[in-house]
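Secondary and tertiary structure notes
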Amino acid sequence: KNEVEQSPQNLTAQEGEFITINCSYSVGISALHWLQQHPGGGIVSLFMLSSGKKKHGRLIATINIQEKHSSLHITASHPRDSAVYICAVDNTDKLIFGTGTRLQVFP
Amino acid sequence: DAGITQSPRHKVTETGTPVTLRCHQTENHRYMYWYRQDPGHGLRLIHYSYGVKDTDKGEVSDGYSVSRSKTEDFLLTLESATSSQTSVYFCAIRASSGTYNEQFFGPGTRLTVL
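Each residue is numbered by its place in its chain's sequence as written, counting from 1. Working convention: letters from A go to chains and numbers from 1 go to ligands, in the order in which they are written. Restriction of local features to residues with pLDDT of at least 70 applies here, the model being predicted, together with a cutoff of 80 or more for giving and counting side-chain atom pairs; totals for whole chains, interfaces and linings are based on all residues. Based on all heavy atoms of the structure, the side-chain values leave hydrogens and waters out of the count.

All names here are of chain A. Inspection of the sheet shows strand E9 (residues 83–91) paired to strand E10 (residues 94–97) by four bridges, in the antiparallel sense. By the bridge assignment, Asn91 is partnered in E10 with Lys94. Counting the residues in the hairpin turn of E9 and E10 gives two residues, including Thr92, whose phi is positive at 55°. Here, a strand pair is defined by DSSP locating no fewer than two bridges between the strands. The way it works is that DSSP assigns letters per residue, a run of H or I at least four long becomes a helix, a run of E at least two long becomes a strand, and they are numbered from the N terminus.

See below:
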């Protein structure tokens, strides 16, 4: 069993829909990261959080430390949100990554 | 992009040849990482460095070696490339500020081993 599990693996949505991507982990962490990777592109950090909730534009990330679970929400999704979203947990000096969620948003 | 560059960006090589990938940073971060990214596996740590000449293995280190002779450069070497090492390789640095640590990634190197 992977130490970081993401769901769903693939997600399609119509423009304007509310999107939720989930991440569960089984190890102790100091922080959790959400990353974004566009097709053929580099990896960009969206959020780093160790408790509660963070918001940036249409993106919201939450974490429940007791339940070892985090969610990434996208409100009013847009085709430019189409990308792979990766959850990673900070474990000592290293990150442990989920396998990613591929999101496609259609007009 | 935290001043991270990788070279080359693309490389095609033949089985059995040595290959070196370079990661360069401009901001004097102590920690540097090499990952490979493959479909179905996500990002996996190959090696990392916590200072000049200080390195450690990650989960997929077999067939790879690294060197860090100065803060700004972290080299990844495939001594004898195999087809299973065809992948996209990402370098990353760890930026620490107070109580948090954030990783920034380089643009990636696409390596094909024929």
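Each residue carries a pLDDT value, the predictor's own confidence for that position, ranging from 0 to 100. Chain-level statistics for chain A give a pLDDT mean of 94 and a share of 99% at 70 or above. When mean pLDDT is taken per element in chain A, strand E8 (residues 69–74) of chain A scores highest with 98 and E10(A) scores lowest with 90.

So, about the nonpolar core. Nonpolar cores are built from buried Ala, Val, Leu, Ile, Met, Phe, Trp, Tyr and Cys residues. Side-chain atoms within 4.5 Å join them into one set. Each residue is assigned to one of three classes by its accessible area relative to the maximum for its type, calculated with a 1.4 Å probe on protein chains only: buried under 20%, partly exposed between the two thresholds, exposed over 50%. Counting 23 residues, the largest nonpolar core has Leu32(A) and Trp34(A) as the members making the most contacts within it. At the level of elements, strand E3 (19–25), strand E4 (31–37), strand E5 (43–49), strand E7 (59–64), E8, E9 and strand E11 (101–106) of chain A are the ones that each hand at least two residues to this core. It only takes one pair of heavy atoms within 4.5 Å for two residues to be counted as in contact. Among residues more than four places away in sequence, those in contact with Leu32(A) are Cys23(A), Tyr25(A), Phe47(A), Met48(A), Leu49(A), Ile63(A), Ser70(A), Cys87(A), Ala88(A) and Val89(A). Ile4(B), Trp34(B), Leu78(B) and Cys91(B) belong to the second largest nonpolar core, which has 20 residues in total.

All names here are of chain B. Positionally, Thr77 belongs in strand E8 (residues 73–78). Given the relative accessible area of 17%, Thr77 is considered buried. Of note is the side chain of Thr77, whose polar atom sits 3.2 Å from the side chain of Thr20. Not counting residues within four places of it along the chain, the set of residues in contact with Thr77 comprises Val19, Thr20, Gly63, Tyr64 and Ser65. Here a polar contact means two N or O atoms within 3.5 Å. Within protein one must be a hydrogen donor candidate and the other an acceptor candidate, and residues neighboring in sequence count only if both atoms are side-chain atoms.

It is worth spelling out the packing of aromatic side chains at this point. Any two of the Phe, Tyr and Trp rings considered here, Trp counted by its six-membered ring, make a pair once their centres fall within 6.5 Å; the pair's planes then place it as stacked at under 30 degrees, edge-to-face at over 60, or tilted in between. Here the structure, examined in full by the defined rule, presents eight aromatic pairs over all chains. Their ring planes at 85° and their centres at 5.1 Å tell us that Phe97(A) and Tyr35(B) sit as a pair that is edge-to-face. With Phe97(A) in strand E10 and Tyr35(B) in strand E4 (residues 31–38), this residue pair bridges two chains. Here Phe97(A) and Tyr35(B) have matching classes, each one buried. Considering the side-chain rings of Tyr64(B) and Tyr89(B), the 5.9 Å spacing of their centres and the 65° angle between planes classify their relative orientation as edge-to-face. Linking Tyr64(B) in strand E7 (residues 64–70) with Tyr89(B) in strand E9 (residues 87–97), this pair joins segments that are 25 residues apart in sequence. By the burial criterion, Tyr64(B) is buried, and Tyr89(B) matches it. Charge-over-ring placement is defined geometrically: NZ (Lys) or CZ (Arg) within 6 Å of the ring centre, and within 35 degrees of the ring normal. When the ring centre of Tyr31(B) is taken as reference, the NZ or CZ atom of Arg94(B) above it lies at 4.8 Å.

Okay, the sheet that holds E3(A) next. Residue and element names in this part refer to chain A. Pairing in this open sheet of five strands is antiparallel, and the strands run E1-E3-E8-E7-E6 from one edge to the other. In this open sheet, the two edge strands, each paired with only one partner strand, are strand E1 (4–7) and strand E6 (52–56). Averaged over neighbouring strand pairs, the angle between their axes works out to 15° when direction is ignored. Inter-axis angles, ranging from 0 to 180 degrees, are taken between N-to-C directions of lines fitted to C-alpha atoms, where helices are fitted over the stretch in contact.

Now for the pattern of salt bridges. Opposite charge on two side chains permits pairing when their charged atoms draw close. The term salt bridge refers to a pairing of a side-chain nitrogen on Lys or Arg with a carboxyl oxygen on Asp or Glu at a separation within 4 Å. Scanning the entire structure with this criterion turns up five salt bridges over all chains. Between Arg58(A) and Asp81(A) there is a salt bridge, with its nearest N and O atoms 2.9 Å apart. Linking Arg58(A) in the loop between E6 and E7 with Asp81(A) in the loop between E8 and E9, this pair joins segments that are 23 residues apart in sequence. Residue classification places Asp81(A) among the buried positions, given a relative accessible area of 5%. Lys70(B) is the partner of Asp73(B) in a salt bridge, and the nearest nitrogen-oxygen pair spans 3.7 Å. In this structure Lys70(B) comes out as partly exposed when scored by relative accessible area, which is 40%. Among the ionic contacts, a cluster of salt bridges with common partners joins Arg22(B), Lys70(B) and Asp73(B).

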